[in-house]
Structures are given as structure tokens and as C-alpha cells.
Amino acid sequence: MTTRREFLTSLLSAGAMGLIVACGGGAANQPPASATNPPAQPAAPAGAAPTQAAPAQAAGKAAAAGGTLTFVLENDVIDFDPMLSRAFVDRNAHYQIYDSLVRVDPTGKIIPWLAEKWDTSTDGKQVTFTLRKNVKYHDGTVFDAESVKWNIDRYRTTDASARKGELAPVAGVDVVDASTARFNLQTPFSPLYSLLVDRAGMMVSRKAVEAAGEDFTRKAFKAGTGPFVLTEAVKDDHITLEKNPDWWGQDNAGNKLPRLDKIIIRPITNSDVRLTNLRTGDAQFANNIAPKDVATVKNDSTLAYKEIPGLSYGSLVPNRKEGFVFNEGRYVKAISMALDRQELIDKAFFGVGTVGYGTIAHAHFAFDANFKPFEKPDPEAAKALVSAVGKGPLSFEFLVPSGDPALLQQAQLIQAQLRKADIDAQIAQLEFAQILKQQSDHVFKGITYVGWSGRIDPDGNTYDFNYTGRPLNDSSYSNPDVDKLLDEQRAASDEATRKTALRKAEQIFVVDDPSRAWFRFGVAQQLTSTKVQGLAPYADQIPRLQLASLAK
Amino acid sequence: MTRYIIRRVVLMVPVAFLVTVIAFGLLRLAPGDPVLTFSGDVRDPEILNAMRHSLGLDQPLPVQYVAWLGRTVQGDFGRSIRTHQRVGEAIVERLPATLELTGAALLFSVTVGLIVGTLSALNRNSALDLLATSLTIAGVSIPNFFLGVMLILIFSLLLRVFPPGGYAPLIDDPLENLRRIVLPALTLSAATLAVNMRQVRSSLLDVFSQDYIRTARAKGLGENAVIVKHALKNGLIPVVTIVGLQVGALIEGAIITEQIFFWPGVGKLVVDSLLGRDYPVVQATVLISALSYMLSTLLVDIVYGWLDPRISYSKAR
């Protein structure tokens, strides 16, 4: 009697669940019925549009216009709205859908995009952008200075805007005329351009935003001016981007871009499965390959792997707040001295990445290849430094995010290296959510192991992590000299002055009074089927798929 | 009967209330901050506080609970903190994929289990029986996260027969749907298939030794008729019971299988939401599961009365 009852209960549970949730609302992932394709626009006159460097194509394979490229992404895109986006992964879709005011070329130089040129006032507090003409959003509305003002005001004034902090130095935007917008700044702010490359400078259609309301961030259909149009987004399954035939961009030879007809983005969290999809031909593009798989993909003749130095870094984050072990800065320095960075890269990262000592990466203008403060591990010097503190052996809790065996292996190697200097790092694994909470509240006992994806301007890798009281300063670090230098580099308009200030600051927060122990710079990867042509990795790790084509 | 149903429905109210308290409270006890988790690279306290305010997370817990309960009884489960999608919509979108996967796995494990189990019983200790027994042990022993990866390796990477994952809606492309469901359904059904094969085999062996089978054979009935009409009919009763119980296990197993094959079902939604403390989604899925169970229990009792007239609810105390 009991088992029959359980049997029927199980069967009916499944059915009843369907009935209950059916009352909660219907699925709707298609574009609104009213949205139509924008009318065809004449291509931008030759010479007006900045041409885009397309890497040399593989010998023997002719590129063809058209085709569908499947891009496997490590996670699903969460927010299509650049204003709300908080996840790195979102930017992989944003760069295809939206144009921003400026962009970077593969060398990291800021180049014109929706803004054809810009002028900065002598006091550095006004930046005037001259906008590209004859550009329309995918929904047919016009892109102009009014649109720029509306977008920037939306980003900097909406309560829940994730761009609010980035655009805090912007006091307002004036519409000079239809194709000229003037940014008024509170103070001179050099990193502004690098921020306008990314989400803070991406232009979305006001009409699309207002029509979709709260759903815009998931259903941003026909909302950008970019090379591809978002036409479908099925959560946790796939995203469809279709060619924008009216896009203004062209390649070096003057051919209109984009070349592909369609891009399907599939979120696959498991790196092994992502790789299998490429090897079976079910996908043609990926940009996040686990270090353990790099040797395999390099030897696979059906795949093409490229990597360049990236902007991301790995570091050990100590809690330097008063009352915690690492309030003593010499302990942080001792850890930096004891680390064998090359061994970490060779053994724990399978040779992927480069040794790093600070925040300023190879691709940054302020990078100094001669800055190698802890080039050789020196456990004896580390021991002496710990001993000089006079509080006995150093022992601390080392928080490592759970769920990823690779992270644990890396942490264990660090633990073993520190043991040579008689430093006892006691590994404790916690969910990432819990570590983040402890970091944010500055209550973690010792050190955490959390990385940073990197930004194209060194300020984005440095300021918020080392400046007193800034939101990402998880180590509660405070050094007035560092604060002063970081403010100086923000106010300076020329790279040489900025570089000098940044280099001085890095010497302090890495060596003299360390805020963290940095050990590695990441790489920007690109893995494609050999059929994919025209693409090269960018240091920011985000693909520019308007350049891609598929071999016949 | 009507009075019985009314009484049961009334009794469900306090239980449902208790479920809402547990669904709401349990997750809040777990450490972690959903806003912080989903804030990614944005950590400006002003922005985070604005997000907490817009989600009502800055209110005292009892206020949050009452507000959530108020919306829930009106059928509004709120929006996901992670994706901003309406929770009801998120579940409705994913339910067909999960039901399809569990349905396919159940169908596979029952039909194959029945055929191979019967053949195994008929050819006891033969090579086929030994093979089936070995597969049974393997099916129960191999965890589905391992089996799934092995199947991908063999059938996707080496043989290139099936895609390594992904979902194609049945309505849009039935053939592609079939191609994509084979590996996840096989993975999910492995353990239940093994149990079903074993159960069919032992039930039939037990039935074969019964007097009425000997009688059927003695009166000259053909072997096929003996198996189908007499042995299987009686031998399947315990199998049916076990299969019924497997539905719940399959839905549980789908959580892992959906992760391996990036199958966009409810299981994947729950895991992603749990890891990130996406309160509205977890609360809604827990609540819906509990309510579904309560409703189906009531329906089972009603069906019992209808199936077996000896059960009289009017006399129930």
C-alpha cells in the first residue's frame, strides 16, 4: 500500500510541478513583434571609417563571406545591458552587439570608433567627441550626440548602475550639435578613454531600453549599433547574433564587415566539454582554455591556438587591517620573497602565463620589464624577515575557493614553497561566495586566493586595489604616498608622466610596503577550428568577431 | 469524499506555511551575500547598497519574508538576482527540458531493463546473463558524472556519432533533439536500468518456480504465452513499484547530468542559483517541489478511493 502510494505520488509530483509553475508566467525570448530590421544604410565613405587590421589568413584556405560560427563560452551571459553588467563573460557578447565611443587596437592603443576624433581642453576637464555620422541602431533609431548624453547620463545616474563608479569623474555631457558631445569632468581623468572603450562607453538604443523596461537586460534585441544584432537569447542554452548588414566598419582592403552571417554563443561551464565541442567540430571558437589543456590543443592539427600576454594577474590577498596577522607588512614581503613564481607557472599552470610581481602587465604602457623585485625565491631571507618581526613563526589561514581542483593544486604548491621559509599556510576551502563576503567585510583571518581579470589601462588594475578605502582594496591597504602617486597619474594627461607615477607607486605597494603578493600575469587565449580566419587575440581576452570568416 | 478533500486542503495550509518558512529561512542561514556574489568586478558600496535596496535585501528578515510571501501567494515569485529573469518564467522555460530528459531516461531504463531482464531470466547463467549481470554492477557502481564524460569521449570525440551536449527543442527540430538526448538519457538511466534489469530477472526467476507456471506448462500452453500472459504479468508488479520510485531519483540525477551535457533544465538552474545564493529562485523551486508533492499526495489518496471502493474516506477520522 505504501509503495503504490509513493509511486503515484512521484509521478504526480512531476506533473503538478509543471502545473504550478505554469501560473508563474510564460517564456518569451523572442524579439518584440514590433521590432523591425533597420533600413539599409549606405556604407561609410572610404577613409572615414577606421579600418581594422585583419591578420593574415591561413595559407591554402580561401576565406568566404557568410556562415555560422559557434562560440563556446565559460558561462552564460547574465546582463546584455552594459549598465547592469558585472560579469567579465558578458563582455564577450557586448563587443559584438554594441559599439562604444572608442576602442583599442591589438596593441592596446585607443582608436576612434563611434567617436571619430576627440579633443581635450588644456585644463583636462573637458573632452569633446566628434561622432561618426549616418550610424543607426539596429532598431532604426539614429545615433547622435543626444543619444550619447542619454546613455552616459543613464550610466552615471541610475541607482543600480554598475557603471556609476567608473563614470564618477564625469560631471555631465553637453550636446554641442548632433554630432558633437562634450564631456565635462570634475577633475582631469586620464583613464576615461579606457573606460569608454568598454561598457561605460557602449551606446544602446533609448527606444529599445524603454520598450523592454525591466526585461531589457535579458532581451536587448536590436539595441546596439554593432556588427551583430542580438536576435535570440535562451537562458543557459544559446544566444543568437545575426549579421548587421548596415554596419559601418570595413577591413584593410575596404571590404564591408562583418563577414559571418551568424554567431551562436553556447555557455558551457566545464572546460573539458568546451574543448570536446571544438574537437568534434560542434563549435569553432573559444577564448578560455584551462592551462592543463593547452599542450593538447597545440598538438591538435584541427585546432589553432594563439596566446599573447594578457592583463589578468594572480595574487595572494592578505588582510592588512589592524588586529589581523598581516597588519605587519613585513610578513607580506616575506611571502613575496619565499614564492618561487617560475615553479608555480611551470608546475601549477602548465607553463601558461608569465611571472608577475605587480599590477602593471606586459600590455600596459607603464610596464617595466626590468622590474623583477623577487626574481629568485629566497626562503632564508624570508625567514630572517619573519624572525625580525619578533613574534615567532608565521602561521595563517589560506582561503581557497572550493570546487576547482586546479585552484587547490596551485594553493598546495604555494603552501609547499612557503614551508621552505618556515611559513605555515593552513589551507581552508570555502565557497567563492563566502570568501567574497569575508573579503568585502575585511574579516578574513589571513590570506585569500582570488584573481583579477585585468583592464586595458594600468589604472584599472591598480587604483581600486591599492588606494585607501577603495571598494576592491580587500587587503585594507593604506599608504599616503601610494594614494598621492595614484592620484597624480590619473590627473596627468601624458603617458610619460603617468608611467613615472605608476612605477613609483608599484615599487611601494609591491616591495617597500606591500599590499599583496603578486606572482603571475595571465595570457589572452584564442582557440579556433582551423577553418576560422581573420582573428587575433586581444590582451583584454575579448574577441572581435566582426573580423572572423570561415574557410570554404 | 468532498468533505474529505476539503479537510485535506485545509490541513495543507499550515503545512504549506511551514514550508514557506523553511524555504525562506534555510538559505538565509547559509553564509554568503547574493548581491556581492553577482556583483562581479563592481564592489562600490553605494552601488551594492542600491542593489540590495532594489531587491529589498536591506529590510529586516521578517519584513522580507512577509513581502515575499505576499507576492508568492499571488503567483509572483519575483526576479532572479543573478539573471533578473522572472523566476516563474525561468522555471517554465527549463521544465520541458528536464521532463524530456527524465522521461527519455525512464523510457530507456524500463524498456531495455524489461527486455534484457527477461532474456537474462530465460537464459540463466548463460553468456548473456553474465553480461547483463556485469552491466548491472557497472551501472550501479559508475557515478553518472564519470559515465557522462566517458560517453562523450567515446561517442562524441572518437566515433563522432552524437554531439557532446546541448539541447534542441523537440518542436523545432525533432531529429536534432533525438541526437542530443541520447547521451544524457543513457547517462541518467544507467543506474536505474541496472536496477530494473536485476529486478525483472529476479522477479521472473521467482515466478518461474511458482505452481501456476508449472500448471500452465503442464496444460500444454506455449512457452511464449506462459512468459507473457502468466510470468511477466505477475513478475512485473514489484518492478512497477520500483519504477515509480525511480522518478524522484531520476529528477535528482538530472541535476548532475544537466551540468555535464549543458542541458538547460531545472537542475542546472537550481545548482547555479544555490551556489550564488540566488534567494528568489531557490525559494521558488523548493516551495514548488514541496507543494507539488503535497498536491500529488492528495491526488493519490483521491485516486485510491476511486480505484478501490473498499476505501471509504467518509468514515475516516
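Keep in mind that this is a model prediction, so the values were computed, not measured. (Residues numbered from 1 in each chain as written. Chains lettered and ligands numbered in written order. Predicted model: local features only at pLDDT ≥ 70, side-chain atom pairs only at ≥ 80, totals over all residues.)

(A) Summary view of the overall build of chain A. The helix and strand tally for chain A stands at 15 helices and 20 strands. Counting over 552 residues, chain A shows a buried share of 50%. Pairs at least 24 residues apart make up 71% of the contacts formed inside chain A by residues separated by at least 6 positions. (Helix = DSSP H or I, 4+ residues; strand = E, 2+ residues; numbered from the N terminus. Buried ≥ 20, exposed ≤ 12 C-beta atoms within 10 Å, placed from the backbone. Contact = placed C-beta atoms within 7 Å.)

(B) Geometry of the overall build of chain B. Broken down by element type, chain B carries 12 helices and 0 strands. Helices and strands appear in chain B in the N-to-C order α-α-α-α-α-α-α-α-α-α-α-α. Relative to the compact-globule value of 20 Å for 317 residues, chain B shows a C-alpha radius of gyration of 25 Å, a clear excess of over 25%. Structurally, chain B occupies a C-alpha span of about 85 × 65 × 35 Å along its principal axes. When each of the 317 residues of chain B is scored for burial, the buried share is 40%. (Rg over C-alpha atoms; globule rule 2.2 N^0.38 Å.)

(C) Here's a closer look at the interface of chain A and chain B. Contacts between the two partners involve 59 residues from chain A and, on the opposite side, 67 residues from chain B. Elements represented by at least two residues in the side of chain A that touches chain B include exactly α1 (2-22), β11 (262-267), α6 (271-280) and α12 (432-441) of chain A. Looking at the side of chain A that touches chain B, the element that brings in the most residues is α1 of chain A, giving 18 residues. Class assignment for the residues of the side of chain A that touches chain B results in 25 nonpolar, 18 polar and 16 charged. (Nonpolar A, V, L, I, M, F, W, Y, C, P; charged D, E, K, R; others polar.)

(D) Highlighting the packing of helix α5 (residues 87-122) of chain B against helix α6 (residues 127-141) of chain B. All names here are of chain B. Two elements in contact, α5 and α6, have axes whose closest approach is 8 Å; the angle formed by their N-to-C orientations is 135°. Here α5 lies oblique to α6, going by the angle between them. Note that α5 runs across α6; the crossing there is left-handed. For the pair formed by α5 and α6, the contact residues are Val116, Leu119 and Ser120 on the first element and Leu128, Asp129 and Ala132 on the second. Residues that form the contact of α5 with α6 fall into these classes: 4 nonpolar, 1 polar and 1 charged. (Axes fitted to C-alpha atoms, helices over the stretch in contact; angles between N-to-C directions. Parallel < 35°, antiparallel > 145°, perpendicular 65-115°, else oblique. Left-handed = near helix turned anticlockwise from the far one by under 90°.)

(E) Spotlight on the sheet that holds strand β8 (residues 180-185) of chain A. Residue and element names in this part refer to chain A. Within the open sheet, the 4 strands sit side by side as β5-β6-β8-β7. Their pairing is antiparallel. In this open sheet, the two strands that pair with only one neighbour each are β5 (115-120) and β7 (170-177). Averaged over all adjacent pairs, the angle separating strand axes in this sheet is 20°, with direction ignored. Strand direction decides the pairing type here: strand β6 (residues 126-131) and β8, joined by 5 bridges, are antiparallel. When the sheet's bridge partners are listed, Thr130 is paired in β8 with Thr180. Packed on one face of the sheet, helix α3 (residues 145-157) meets β6, β7 and β8 and runs near 170° to β7. (Pairing = 2+ DSSP bridges.)

(F) Inspection of unusual backbone geometry at higher detail. All names here are of chain A. The peptide bond linking Leu257 to Pro258 adopts the cis configuration, its omega dihedral lying at 0°. As for its position among the elements, Pro258 is in the loop between β10 (238-243) and β11. The backbone of Asp236 shows a phi angle near 65°, a positive value even though the residue is not glycine. Structurally, the position occupied by Asp236 is in the loop between β9 (228-234) and β10. One non-glycine residue, Ser476, lies in positive phi territory at about 55°. Mapped onto the fold, Ser476 is located in the loop between α13 (458-466) and α14 (480-491).

(G) Quick peek at the pairing of β8 of chain A. All names here are of chain A. In terms of strand pairing, β7 meets β8 through 6 bridges, oriented antiparallel. Within β8, the position partnered with Val170 by the bridge is Leu185. In textbook terms, the turn of a hairpin is the stretch between consecutive antiparallel strands, and for β7 and β8 this stretch comprises 2 residues.

(H) Layout of the packing of α6 of chain B against helix α8 (residues 174-208) of chain B. All names here are of chain B. Viewed as axis vectors pointing N to C, α6 and α8 meet at an angle of 140°, and their least axial separation amounts to 8 Å. As far as their axial angle goes, α8 and α6 are oblique. Our pair here, α6 against α8, has a crossing hand that is left-handed. Taking contact as the criterion, the partners of Ala132, Leu135, Thr136, Gly139 and Val140 in α6 are, on α8, Ala190, Ala191, Leu193, Ala194, Met197 and Arg198. Residues that form the contact of α6 with α8 fall into these classes: 8 nonpolar, 2 polar and 1 charged.

(I) Region of interest: the nonpolar core. Of all hydrophobic cores here, the largest spans 208 residues; its most connected members are Leu69, Ala334, Ile335, Ala338 and Ile423 of chain A together with Leu101 of chain B. Sorting elements by how many residues they give to this core places α8 of chain B first, with 14 residues. Apart from residues no more than four positions distant in its own chain, Ala334 of chain A is found in contact with Ala382, Leu385, Val386, Leu394, Ala421 and Ile423 of chain A. (Core = buried A, V, L, I, M, F, W, Y, C linked by C-beta atoms within 7 Å.)

(J) Highlighting the pairing of strand β18 (residues 517-529) of chain A. Residues and elements named next belong to chain A. The element β18 is largely enclosed, with a buried count of 12 among its 13 residues. In this structure, strand β12 (residues 285-286) lies alongside β18, joined through 2 bridges in antiparallel fashion. Of the residues in β18, the one forming a bridge with Phe285 is Thr528. Bridge count between strand β14 (residues 354-355) and β18: 2 bridges; the pairing is antiparallel. For Val355, the partnering residue across the bridge sits in β18 and is Arg520.

(K) Geometry of the environment of Arg94 of chain B. Residue and element names in this part refer to chain B. Within the secondary structure layout, Arg94 lies in helix α5. The class of Arg94 is buried, set by 27 C-beta atoms lying within 10 Å. Sequence separation of Arg94 and Phe155 is 61 residues, and the distance between their C-alpha atoms is 26 Å. Setting aside chain neighbours within four positions, we find Arg94 in contact with Pro264, Gly265, Val266 and Leu269.

(L) Fine view of the confidence of the model for chain A. Residues and elements named next belong to chain A. When pLDDT is averaged along chain A, the result is 88; 88% of the residues meet or exceed 70. Low pLDDT, under 50, characterises residues 6-51; the stretch is placed with 100 contacts to residues that sit more than four places away or in other chains. Overall, residues 53-60 carries pLDDT values under 50, and its contacts beyond four positions in sequence, including any with other chains, amount to 15 contacts. (pLDDT = per-residue confidence, 0-100.)

(M) Highlighting α6 of chain A. Every buried residue of α6 of chain A is accounted for by Val273, Arg274, Leu275, Thr276, Asn277 and Leu278 of chain A. Among the structural elements, β2 (68-73), β12, α7 (291-298), β13 (303-318) and β18 of chain A together with α7 (144-158) of chain B are those in contact with the buried residues of α6 of chain A. Downstream of α6 of chain A by a residue or two, Gly281 of chain A has a phi angle that is positive, lying close to 85°.

(N) Structural context of helix α9 (residues 341-348) of chain A. Residue and element names in this part refer to chain A. Considered for burial, the residues of α9 that qualify are Arg341, Leu344, Ile345 and Ala348. Buried positions in α9, seen along its axis, are confined to an arc of 110° and lie on one side of it. The inward-facing, buried residues of α9 abut β14, α11 (405-419) and β18. Positive backbone phi, approximately 55°, marks Phe350, located one or two places after α9. (Arc of directions from axis to C-beta.)

(O) Quick look at the environment of Lys376 of chain A. Residues and elements named next belong to chain A. Within the fold, Lys376 resides in the loop between β14 and α10 (379-389). A tally of 10 C-beta atoms within 10 Å means that Lys376 is categorised as exposed. In this structure the C-alpha to C-alpha distance between Lys376 and Asn299, which are 77 residues apart in sequence, comes to 32 Å.

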